[in-house]
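Observations on the three-dimensional arrangement
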Amino acid sequence: MKTRLVRIGNSRGVRLPKPLIEEAGLPDEVELRARNGAIIIAPATGPRAGWREAAQRLRDRNEDRLLESPTPTRFDEEEWEW
């Protein structure tokens, strides 16, 4: 489908036909990215989208460890009681 860029203030925009939006399953909030001479429109994701699944994959591979050993603080050594 061909369309034209239209002026919107100092910007340019594209009118997306409703059937195309519905076919793509796009919600009201989307993210835009430029890649290889194209503009990609995708559903907006939350700031931590996919973290749960990524953590589970790490756990499944037994790779969910701290990268460094914790450094004890004065509180740990003098005040903390088990």
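For the structure, check the block above.
Bear in mind the structure is a predicted one, so any value in this text is a computation, not a measurement.

1. Concerning the overall build of the protein
Each helix and strand counted, the protein has 3 helices and 4 strands in total. Across the protein, helices and strands are ordered from the amino to the carboxyl terminus as β-β-α-β-β-α-α. Against the compact-globule benchmark of 12 Å for 82 residues, the protein has a radius of gyration of 24 Å, which places it well outside the compact range. By its C-alpha atoms, the protein is 70 × 35 × 25 Å across when sized along the principal axes. Counting only residues that meet the buried cut, the protein has 5% of its 82 residues in that class. Taking the intrachain contacts of the protein between residues at least 6 apart in sequence as the baseline, contacts between residues at least 24 apart amount to 3%. Working note: accessible area of the protein is about 8500 Å², and carbon and sulfur atoms make up 51% of it. Where the 15 positive side-chain charges of the protein centre and where its 15 negative ones centre are 18 Å apart.

2. Focus: the pairing of strand β4 (residues 38-43)
Judged from the 6 bridges that link them, strand β3 (residues 30-35) and β4 form a sheet pairing that is antiparallel. Residue pairing across strands places E31 opposite A42, the latter belonging to β4. Two successive antiparallel strands, β3 and β4, enclose a turn made up of 2 residues, where N36 displays a positive phi of approximately 50°.

3. What about the layout of surface pockets?
To find leftover empty space, a probe the size of one water molecule is rolled over the atoms. Here the largest pocket is characterised by a volume of approximately 310 Å³. Taken together, L5, G13, V14, L16, I21, L26, P27, V30, L32, I39 and I41 form the lining of the largest pocket. Secondary-structure elements contributing two or more residues to the lining of the largest pocket are β3 and β4. Residues belonging to the lining of the largest pocket are distributed by class as follows: 10 nonpolar, 1 polar and no charged.

4. A look at the environment of R52
Along the chain, R52 falls in helix α2 (residues 51-60). Along the sequence, R52 and L66 sit 14 residues apart, while their C-alpha atoms lie 17 Å from each other.

5. Overview of the pattern of salt bridges
The tally for this structure, following the rule as stated, stands at 5 salt bridges. Note that R59 is salt-bridged to D64, the shortest N-O span being 3.3 Å. In this structure, the salt-bridge partner of R74 is E78, at a minimum N-O distance of 3.9 Å. Separated by 4 residues within a single helix, R74 and E78 lie in helix α3 (residues 74-79), roughly one turn from each other. With respect to burial, R74 and E78 carry one shared label: exposed. Among the charged side chains, a network of salt bridges with common partners joins R74, E78 and E79.

Rules used throughout
- Residues numbered from 1 in each chain as written.
- Predicted model: local features only at pLDDT ≥ 70, side-chain atom pairs only at ≥ 80, totals over all residues.
- Heavy atoms only, no water.
- Helix = DSSP H or I, 4+ residues; strand = E, 2+ residues; numbered from the N terminus.
- Rg over C-alpha atoms; globule rule 2.2 N^0.38 Å.
- Buried < 20%, exposed > 50% of the residue type's maximum accessible area, 1.4 Å probe, protein only.
- Contact = heavy atoms within 4.5 Å.
- Areas by Shrake-Rupley, 256 points an atom, 1.4 Å probe, with all protein chains shown as cover.
- Lys, Arg positive; Asp, Glu negative; His and termini not counted.
- Charge placed at Lys NZ, Arg CZ, Asp CG, Glu CD.
- Pairing = 2+ DSSP bridges.
- 1 Å grid on protein atoms, 1.4 Å probe; cavity = no way out; pocket = protein on both sides within 12 Å on 5 of 7 lines; lining within 4 Å.
- Points joined across faces, edges and corners; volume = space filled by probe spheres on them.
- Nonpolar A, V, L, I, M, F, W, Y, C, P; charged D, E, K, R; others polar.
- Salt bridge = Lys/Arg side-chain N within 4 Å of Asp/Glu carboxyl O.

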